[in-house]
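# Analysis of the macromolecular model
The primary structure of each chain is shown beneath.
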Protein chains: 2
Amino acid sequence: MFKVTFRAESGEDVAVFAAFGESLLDAARKANIAIDAPCSGNGSCGKCRVKVVSGQVKSEKSIHISDDEYSRGIRLACCTYADGDIVVEIPGTAGSYQSGMRVADLNSPGGRAVFEAAIDEIRKASIPIENGFRIIDAEMDPPTVDNPMPDNERLARCIRSLTGTERVVIPLPVMQMLPDIMREENFKLKCAVEINGDSTYVYNAAAMSQTLRAIGVAIDIGTTSVSAIAADMSSGMILENASAGNAQIRYGADVINRIVESTRPGGLKRLQDAIIHETVNPLIEKMCRDAGIHPWEICRLSIAANTTMNHLFTGINPDHLRKEPYVPAFYELADIRARDIGVDINPGAPVIFAPNVGSYVGGDITSGVFASMMWNRDEFTLFIDLGTNGEIVLGSRDFLMGCACSAGPAFEGGEISCGMRATYGAIEAVTIDPETMDPEYRTIGDTAPVGICGSGIIDLVGELFACGIIDARGRFVREGRRIFRDEYGVARYVIAFAGESGRTGELSIDEADIESFIRAKAAIYSAIMTMLDSLSMDFGMIGRVLVAGGIGSGINIRNAIRIGMFPNLPEDRFSYIGNASLTGAYAMLMSDKAAELIKNIGRSMTYLELSVYPSYMDEFVAACFLPHTNSSLFE
Amino acid sequence: MFKVTFRAESGEDVAVFAAFGESLLDAARKANIAIDAPCSGNGSCGKCRVKVVSGQVKSEKSIHISDDEYSRGIRLACCTYADGDIVVEIPGTAGSYQSGMRVADLNSPGGRAVFEAAIDEIRKASIPIENGFRIIDAEMDPPTVDNPMPDNERLARCIRSLTGTERVVIPLPVMQMLPDIMREENFKLKCAVEINGDSTYVYNAAAMSQTLRAIGVAIDIGTTSVSAIAADMSSGMILENASAGNAQIRYGADVINRIVESTRPGGLKRLQDAIIHETVNPLIEKMCRDAGIHPWEICRLSIAANTTMNHLFTGINPDHLRKEPYVPAFYELADIRARDIGVDINPGAPVIFAPNVGSYVGGDITSGVFASMMWNRDEFTLFIDLGTNGEIVLGSRDFLMGCACSAGPAFEGGEISCGMRATYGAIEAVTIDPETMDPEYRTIGDTAPVGICGSGIIDLVGELFACGIIDARGRFVREGRRIFRDEYGVARYVIAFAGESGRTGELSIDEADIESFIRAKAAIYSAIMTMLDSLSMDFGMIGRVLVAGGIGSGINIRNAIRIGMFPNLPEDRFSYIGNASLTGAYAMLMSDKAAELIKNIGRSMTYLELSVYPSYMDEFVAACFLPHTNSSLFE
């Protein structure tokens with residue numbers, strides 16, 4: 001057994017003992033350190049890069065590691081074994097999956113504007129941003145020998161008279177604090193309550209002079225990324241936001257790999273623990289710490305997640321999602337409270353879920369479609385959500401049809417060697433000078449570049465193609481000072497040399513990355529084509545295209561069309577609406593009416609199963625070119 | 001540190017290491033071995049007797065240990081310290097507080113008859129023994145690609161059509177089993193449900209060919225003893241029953257000591273753990289094991305407990321019960337489910353509580369009064385519950401008044417050197433030959449006598465007094481082969497010599513025991529007198545006297561009157577109704593109507609606080625004689 005010390009970029013060390021035959025990836029899992037491993041540790045994806053800082057290791061040479069990198073100690077954690085006590089550095093891109101960071105598109109001025117515009121549109125549609133949560137001041141007469149009414153009745157009677165509701169529910173956790181809090185300031189206290197029809201539910205209580213708020217948290221749980229907002233339930237004001245990688249990533253990059261893992265002994269529990277105890281709870285804890293929120297103040301949690309994530313989050317076996325006839329355990333899920341699943345907020349806080357529509361169109365889409373307001377318009381809207389699953393919804397006030405395709409994690413930084421989520425340090429926009437082939441780029445937070453996020457990759461591939469640096473198959477066809485070939489002949493383009501970047505080495509994109517990305521964009525394009533075909537519609541009938549996803553604070557539509565990812569429509573029909581799932585989750589959190597409308601969206605949406613649609617595979621193959629085998633589509 | 005091995009009568013060993021200065025009582029607590037210590041370990045009560053079998057100890061000589069006992073290794077655990085590795089035997093009376101045993105009065109033919117008579121009277125009063133629990137057979141069409149309805153909707157729709165209720169609640173624990181159980185026998189399954197008004201709550205599910213029942217458990221939680229019944233919710237049939245000592249006993253014998261303990265750091269948690277994890281859960285586990293019940297089959301739990309026990313069971317601070325103006329946190333407690341307090345049954349099982357009436361008249365009394373049916377009669381009934389607290393209720397169809405007095409644990413075998421609960425081996429009836437002074441006795445289970453329970457002590461003291469062996473102050477005034485005096489001059493009467501008894505040594509009662517008992521009976525009698533006085537009533541107006549309590553399978557009324565415990569009324573007005581609290585808890589469990597009526601009893605009963613009643617203390621002192629200072633009351 002050797003001691004393996006993992007060193008985060010922050011300098012923090014976590015040490016663990018690795019048994020003989022245990023890879024560094026296994027050791028990291030044991031130490032609860034999330035290292036991105038989309039292939040689940042078989043050496044094929046090349047994402048689990050670490051840097052051996054000191055000590056001896058045994059390692060196989062990998063195609064994913066260049067000679068230069070190898071000499072600097074870069075290794076794949078899944079193929080490397082300690083051969084003595086060692087110290088290992090976890091690079092920034094892997095580290096970023098672990099720690100909570102602010103949601104980029106809510107903190108950049110442009111991103112915040114997109115979010116606020118969406119909320120504004122909801123308000124304009126006369127959907128009241130209203131809920132039943134209130135802070136009430138309860139002042140009672142103290143008990144006497146002649147008035148010995150017990151504490152709970154005394155409070156219930158007071159609340160009844162203040163709210164006019166018949167039934168007052170004081171759950172056990174509040175009962176347990178009541179005797180002392182009532183006497184703290186002589187039977188004058190504040191309560192956080194929810195008024196719902198004829199009943200009032202008491203979530204929290206504090207002596208009158210104390211601060212007490214009713215706060216809600218909205219979470220978008222993606223396969224790769226998780227984003228959260230904490231907001232005041234009365235004012236709607238956003239108090240804090242954060243995002244993190246989904247810690248389940250170590251069990252596979254996409255939902256199918258996660259489902260397979262969940263069928264292994266203890267797997268479902270491991271995956272539920274990874275999302276709740278290693279992702280959501282730390283994210284909430286971080287927001288609480290940063291914004292001075294007491295976890296018990298959080299009285300409602302809204303969740304927008306795909307169908308698989310909804311199952312794993314609640315510990316319900318998702319295995320039947322991937323087996324014909326592809327039936328989920330639930331579309332809608334009611335009566336869940338935080339304590340039932342171990343989320344560390346007010347134990348009685350209801351957890352409300354945006355409903356699923358099918359095995360692969362879930363609550364992230366129903367909430368995103370709600371936020372898009374396409375269900376409230378006469379014209380046909382095409383809604384495209386760019387995530388690990390790409391989901392496409394087409395419809396109007398009259399109908400909604402949804403389908404899903406497996407885009408892979410490329411848009412969220414997965415399966416791309418320098419990819420990362422849209423957080424600080426990510427390149428989110430790129431232009432390339434056609435002459436010098438030198439790039440200009442913008443990073444989130446204007447820091448040195450650490451990696452490249454979804455919107456940046458679209459730009460980068462679009463510019464490389466427009467400048468004739470790569471061809472229709474994504475192969476490098478020009479030479480220059482930024483273009484290198486490794487010993488196997490795989491070419492790459494260096495965006496930032498080692499000295500310029502904010503990471504351990506250079507920042508580059510190679511032909512394998514571009515190939516991954518082309519598959520991702522082809523999946524999106526062919527899904528759109530197939531859906532239109534199934535409805536006997538053509539592109540021209542689409543009045544608006546809304547692009548959603550937490551891929552950056554904006555998207556260069558011209559580049560996205562240029563590479564054949566989006567249909568060739570006038571650019572002014574496109575809008576980027578940010579992380580619409582999170583916007584929808586926020587709306588559902590704050591507005592009971594919105595929650596009801598999202599439920600209706602789920603019930604009315606038709607689900608198209610692409611995998612059984614005859615022409616889909618052909619469409620996909622045809623789209624695996626830049627822009628397309630049928631280039632007339634993009635003239 | 002020395003190793004202390006505790007050996008139970010069963011021969012089972014539990015070993016623990018005792019630190020320097022840790023008494024054997026401390027060590028036993030660490031090992032989770034309940035040794036009765038009403039004084040909480042200050043050496044005054046003499047109950048924590050153990051026998052040192054091997055090894056060296058340091059121990060103070062105690063007034064509670066005779067020379068003979070001392071020479072045989074008998075010590076008080078609270079005043080004894082290991083001085084080397086030792087083996088300690090825990091005597092039967094202490095052991096009996098630990099293990100679950102069958103409820104004596106439900107297993108003896110007489111006791112069962114009393115219980116069934118009470119249930120019969122409830123039925124005769126046209127109170128339907130009905131509840132909403134059902135086992136339903138749900139047969140569904142399996143899903144297809146054209147009928148991909150999710151599992152929960154499919155089941156809910158089926159249940160809706162079977163029950164005719166609008167709302168179907170499938171809580172998370174059932175959701176988590178659903179996908180697999182539904183597919184086990186091709187969408188044919190059984191569900192345990194509760195139909196309540198317009199909604200159906202699903203507790204459990206199993207494939208159609210499996211056994212599935214809805215079972216309820218009723219528990220009487222006393223300060224000293226805990227008794228439980230498991231019954232089928234459909235037929236009402238009793239499947240199993242058990243009783244055990246309340247493991248909180250190690251923190252003090254009466255409710256005041258428990259409340260004081262609960263105010264110490266971590267005390268409330270310790271007391272809640274003692275009742276839930278060390279008493280109720282093992283008791284339920286034992287019943288499940290003995291009767292082949294799966295814990296998830298238990299879908300409802302009813303609790304009859306005094307006000308302090310109700311607070312401690314739910315983890316609610318009881319400290320204000322003992323402080324003016326003596327206000328409990330609650331009379332009624334709703335919406336509690338098993339998972340909220342950690343009872344190991346179906347996590348969604350509702351826990352229903354008989355309501356409290358005041359700080360010292362609790363749910364054990366409202367449920368007992370319900371079972372007595374006194375609230376349904378025109379004549380005045382006096383209800384006397386003999387427990388650690390003695391509670392007295394007087395009333396009729398028109399009114400109910402209740403009060404409580406501290407009788408101490410004498411009726412349940414506490415504070416009496418040879419006392420024990422009414423379980424197997426307890427002497428429950430005694431006669432003494434006036435000439436030879438030899439006793440004849442009957443034990444529960446017809447085994448060798450291990451100790452003496454409440455009804456036996458009443459008999460024993462009554463007979464000793466009737467035979468002129470003790471005087472009105474409880475002092476021994478005759479000599480004989482069964483009467484001994486120790487070195488301090490304290491006399492005792494030997495019921496069974498060492499060879500005849502089922503315990504380590506002889507079985508005897510001494511003057512200190514008799515003094516404890518006289519205080520207990522005086523507390524009861526003076527409470528009755530005071531209550532009548534407060535209502536300007538006299539004995540003659542009482543049509544019936546009902547004596548309740550788990551003190552044995554019957555009570556010798558003549559002896560109870562002879563010693564001045566009960567008023568001098570014609571014997572035929574008295575009935576012993578057994579553990580009425582448990583009967584009431586069973587009724588509340590099985591009958592929704594009974595639960596409602598018990599709630600009404602709680603709301604209508606007037607609470608008399610004896611401690612503020614001027615003449616109570618004088619009445620008590622006057623009653624501390626056999627039968628009374630005013631002997632004309634017993635002519």
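Since this is a predicted model, take the numbers as computed values, not measurements. (Residues numbered from 1 in each chain as written. Chains lettered and ligands numbered in written order. Predicted model: local features only at pLDDT ≥ 70, side-chain atom pairs only at ≥ 80, totals over all residues. Heavy atoms only, no water.)

### Digging into the pattern of salt bridges
Per the stated rule, a full pass over the model turns up 62 salt bridges over all chains. One continuous salt-bridge network, built from bridges that share partners, spans A:Glu121, A:Arg377, A:Glu379 and A:Arg544. (Salt bridge = Lys/Arg side-chain N within 4 Å of Asp/Glu carboxyl O.)

### Re the pairing of strand β13 (residues 225–232) of chain A
Residues and elements named next belong to chain A. Where burial is concerned, most of β13 is hidden: eight out of the eight residues are buried. In β13, alternate side chains face the same way, and those of Ser 225, Ser 227, Ile 229 and Ala 231 on one face and Val 226, Ala 228, Ala 230 and Asp 232 on the other are all buried. The sheet contact formed by strand β12 (residues 215–221) and β13 spans seven bridges and is antiparallel. Along β13, the bridge assignment pairs Ile 219 with Ala 228. With antiparallel pairing between neighbouring strands as the criterion, β12 and β13 make up a hairpin whose turn holds three residues. (Buried < 20%, exposed > 50% of the residue type's maximum accessible area, 1.4 Å probe, protein only. Helix = DSSP H or I, 4+ residues; strand = E, 2+ residues; numbered from the N terminus. Pairing = 2+ DSSP bridges.)

### Quick word on the relation of the copies chain B and chain A
Related by rotation about an axis and a shift along that axis, the two copies of the chain form a pair. Note on the identical chains: chain B maps onto chain A by a rotation of 180° and an axial translation of 0.0 Å, with an RMSD of 0.1 Å. Both copies are brought into coincidence by an operation consistent with a two-fold rotation axis. (Least-squares fit on C-alpha atoms with pLDDT ≥ 70 in both.)

### Thoughts on helix α12 (residues 363–372) of chain B
All names here are of chain B. For α12, a buried count of ten out of ten residues is recorded, marking the element as mostly surrounded by other parts of the structure. Those residues of α12 that fall on the buried side of the exposure criterion are Gly 363, Asp 364, Ile 365, Thr 366, Ser 367, Gly 368, Val 369, Phe 370, Ala 371 and Ser 372. Met 373 lies just past α12 and shows a positive phi near 65°.

### What to know about the packing of helix α12 (residues 363–372) of chain A against helix α17 (residues 592–604) of chain A
All names here are of chain A. It is at 9 Å that the axes of α12 and α17 come closest, and there the two elements cross at 115°. Where α12 crosses over α17, the two elements pack in a sense that is right-handed. Two secondary-structure elements touch here, α12 through Thr 366, Ser 367, Val 369 and Phe 370 and α17 through Ala 594, Leu 597, Ile 598, Ile 601 and Gly 602. A class-by-class count of the residues in the contact of α12 with α17 yields six nonpolar, three polar and no charged. (Axes fitted to C-alpha atoms, helices over the stretch in contact; angles between N-to-C directions. Left-handed = near helix turned anticlockwise from the far one by under 90°. Contact = heavy atoms within 4.5 Å. Nonpolar A, V, L, I, M, F, W, Y, C, P; charged D, E, K, R; others polar.)

### A closer look at the sheet that holds strand β20 (residues 426–432) of chain B
Residue and element names in this part refer to chain B. Ordered by their spatial adjacency, three strands build an open sheet running β21-β20-β22, and the pairing between neighbours is mixed. The open sheet has two edge strands, β21 (439–443) and β22 (451–452), and neither has a second partner. Most of the contacts of helix α13 (residues 454–466) go to β20, to which it runs at about 15°, and overall it touches β20 and β22.

### Things to note about unusual backbone geometry
Residue and element names in this part refer to chain A. Here the residue pair Leu 626 and Pro 627 is connected by a cis peptide bond, since its omega of -5° sits within 30 degrees of zero. In this structure, Pro 627 sits in the segment after α18 (616–622). The phi torsion at Asp 446 lies on the positive side, around 55°, for a residue other than glycine.

### Concerning the side chain of A:Thr583
Residue and element names in this part refer to chain A. Along the chain, Thr 583 falls in helix α16 (residues 580–590). On the basis of relative accessible area, Thr 583 is assigned to the buried category, the value being 2%. For Thr 583, the residues in contact, after removing those within four places along its chain, are Phe 115, Ala 118, Ile 119 and Ala 371.

### Description of the packing of aromatic side chains
Taken as a whole, this structure holds 22 aromatic pairs over all chains when the rule is applied. Consider the rings of B:Tyr525 and B:Phe634, whose centres lie 5.4 Å apart with planes at 45°: the pair is tilted. Placement of B:Tyr525 in helix α14 (residues 511–534) and of B:Phe634 in the segment after α18 (616–622) is noted, with a sequence separation of 109 residues between them. On the accessibility criterion, B:Phe634 (15% relative accessible area) is buried. Through a chain of ring-to-ring contacts, the aromatic side chains of A:Phe133, A:Tyr201 and A:Tyr203 assemble into a single cluster. Above the ring of A:Tyr70, the side-chain terminus of A:Arg75 is found at 3.6 Å from the ring centroid. (Phe/Tyr/Trp six-rings, centres within 6.5 Å; stacked < 30°, edge-to-face > 60°. Lys NZ or Arg CZ within 6 Å of the ring centre and 35° of its normal.)

### Description of the interface of chain B and chain A
On the side of chain A, 37 residues touch chain B, which itself brings 37 residues to the contact. Put simply, chain B and chain A have four salt bridges between them. One salt bridge in this structure joins B:Arg339 and A:Asp340, with 3.7 Å as the shortest N-O distance. Counting every contact that joins chain B to chain A gives 20 residue pairs in polar contact (both at pLDDT 80 or more). Of all the elements in the fold, those that place two or more residues in the side of chain B that touches chain A are α6 (151–163), β9 (167–169), α7 (172–184) and α11 (338–341) of chain B. Examining the composition of the side of chain B that touches chain A, we find that six residues originate from one element, α7(B), more than from any other. Here the side of chain B that touches chain A is built from residues that sort into 19 nonpolar, eight polar and ten charged. (Polar contact = N/O pair within 3.5 Å; in protein donor to acceptor, adjacent residues only side chain to side chain.)

### Describing the nonpolar core
Judged by nonpolar contacts, the single largest core of 114 residues is most densely connected at B:Ile219, B:Ile221, B:Phe313, B:Val343, B:Val369, B:Phe370 and B:Phe383. Looking at this core element by element, the count peaks at ten residues for helix α9 (residues 267–291) of chain B. The residues touching B:Val369, leaving out its near neighbours within four places in the chain, are B:Met374, B:Trp375, B:Phe383, B:Val393, B:Leu400, B:Ile601 and B:Met605. Core analysis: the next-biggest nonpolar cluster, separate from the first, contains 113 residues, A:Ile122, A:Val226, A:Ile577 and B:Val168 among them. (Core = buried A, V, L, I, M, F, W, Y, C linked by side-chain atoms within 4.5 Å.)

### Regarding the side chain of A:Asn579
Residue and element names in this part refer to chain A. Tracing the backbone through its elements, the reader meets Asn 579 in the loop between β27 (574–576) and α16. Residue Asn 579 is classed as buried on the basis of its relative accessible area, which comes to 8%. Among the polar contacts made by the side chain of Asn 579, one reaches the side chain of Asp 220 at a distance of 3.0 Å.

### Let's talk about the sheet that holds strand β8 (residues 133–139) of chain B
All names here are of chain B. Taken in spatial order, the four strands make up an open sheet running β8-β10-β11-β9, and their pairing is mixed. Taken across any chain shown, the strands that pair with only one partner, and hence form the sheet edges, are β8 and β9. In this sheet, neighbouring strand axes are inclined to one another by 35° on average, regardless of whether the strands run parallel or antiparallel. Judged from the eight bridges that link them, strand β10 (residues 188–196) and strand β11 (residues 199–207) form a sheet pairing that is antiparallel. For Leu 189, the partnering residue across the bridge sits in β11 and is Ala 207. Along the sheet, α6 makes contact with β8, β9, β10 and β11, crossing β8 at roughly 120°. Those strands touched by α7 are β10 and β11, and its axis lies near 50° from that of β11.

### Here we look at the state of the cysteines
Within this structure, the stated rule accounts for zero disulfides over all chains. A disulfide-free cysteine, A:Cys78 has its sulfur positioned 3.4 Å from the sulfur of A:Cys79, the nearest such atom. For A:Cys78, a relative accessible area of 8% translates into the label buried. The cysteine B:Cys288 is free of any disulfide, with B:Cys299 supplying the nearest cysteine sulfur at 11 Å. (Disulfide = S-S within 2.5 Å.)

### Points about the pairing of strand β11 (residues 199–207) of chain A
For a regular strand, side chains alternate in direction, first toward one face of the sheet and then toward the other. Residues and elements named next belong to chain A. Across the nine residues of β11, nine count as buried, placing the element largely inside the fold. Sheet topology places strand β9 (residues 167–169) next to β11; three bridges connect them, and they run parallel. Bridging across to β11, Val 169 finds its partner in Tyr 201.

### Looking at the environment of B:Ser23
All names here are of chain B. Structurally, Ser 23 is set in the loop between β2 (13–18) and α1 (24–30). Along the backbone, Ser 23 and Ile 65 are 42 residues apart, and their C-alpha atoms lie at a distance of 17 Å. Leaving out residues up to four positions away in the same chain, Ser 23 has contacts with Ala 77, Cys 78, Thr 80 and Tyr 81.

Read these as spatial facts, not as claims about activity.
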